[in-house]
Amino acid sequence: NGVFLDQLKKSGKNFKLTGADISGKALEASRKKVPEADFLKLDITKDDIAGPFDVIIMKFSIGCLKSEEFSSQEELWNKVLQKISQNCQQLILITPVPKDVDNPRSIYMPKDIFKQLTSKYFGKIELIEKVQGKGSFDQETYFLSEPKNE
């Protein structure tokens, strides 16, 4: 909905802003909030990323991405992280983490698999913020840099 782009615009820095989403409604809301940004309708599981970008910010995507083309969430994220690492220098990944992360019904990746996949494509992974949620999710923000560009 353009919240991050709007915050970057208000920072006073001279960023070239590009937003991407699979949802036309989300893109339209973002265009209204930040009309000077470029916007792409993009399915990151299928479409090429029109990079390179200095930074890619992904919010709450781990639980949202689904595709019948992949046999597992791990396979899907392997492909997504590969694409991202080839198109940016840094990735900020903001993700909800279920408090009961080992619940087999959870669509979220266990932390060991998450760390294995992210370290395959980025040399430096830092947990920069952890927010205790009121419900059944916490929120973690990771800063990934030094793409390996495999």
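Up top is the structure.
As the structure is a prediction and not an experimental result, all values here were calculated from the model.

Asks: Would you mind going over the pattern of salt bridges in detail, with residue names and values included?
Replies: When charged atoms on two side chains of opposite charge get close, those side chains can pair. For the structure shown, the criterion picks out 8 salt bridges. A salt bridge links Lys10 to Asp6, with the nearest nitrogen and oxygen atoms 3.0 Å apart. Linking Lys10 with Asp6, this pair stays in helix H1 (residues 3–10), spanning 4 residues, or about one helical turn. On the basis of relative accessibility, which here comes to 63%, the residue Lys10 falls in the exposed class. Taken together, the shared-partner salt bridges in this structure form one network comprising Asp6, Lys9, Lys10 and Glu36.

Asks: Give me the lowdown on the nonpolar core, citing residues and values where you can.
Replies: With 19 residues, the main nonpolar core has Met58, Trp77, Ile84, Leu91, Leu93 and Phe122 as its most contacted residues. At the level of elements, strand E3 (53–59), helix H3 (73–85), strand E4 (88–98), helix H4 (111–121) and strand E6 (137–147) are the ones that each hand at least two residues to this core. Element by element, the count of residues in this core is highest for H3, at 5 residues. Ranked by size, the runner-up nonpolar core spans 6 residues in total, among them Leu5, Leu17, Leu27 and Phe39.

Asks: I'd like to hear about the side chain of Asp6, residue by residue, with values.
Replies: With relative accessibility at 12%, the residue Asp6 sits in the buried group. Those residues in contact with Asp6 that sit more than four places away from it in its chain are Lys33 and Val34.

Reading guide: rules and limits
Residues numbered from 1 in each chain as written. Predicted model: local features only at pLDDT ≥ 70, side-chain atom pairs only at ≥ 80, totals over all residues. Heavy atoms only, no water. Salt bridge = Lys/Arg side-chain N within 4 Å of Asp/Glu carboxyl O. Helix = DSSP H or I, 4+ residues; strand = E, 2+ residues; numbered from the N terminus. Buried < 20%, exposed > 50% of the residue type's maximum accessible area, 1.4 Å probe, protein only. Core = buried A, V, L, I, M, F, W, Y, C linked by side-chain atoms within 4.5 Å. Contact = heavy atoms within 4.5 Å.

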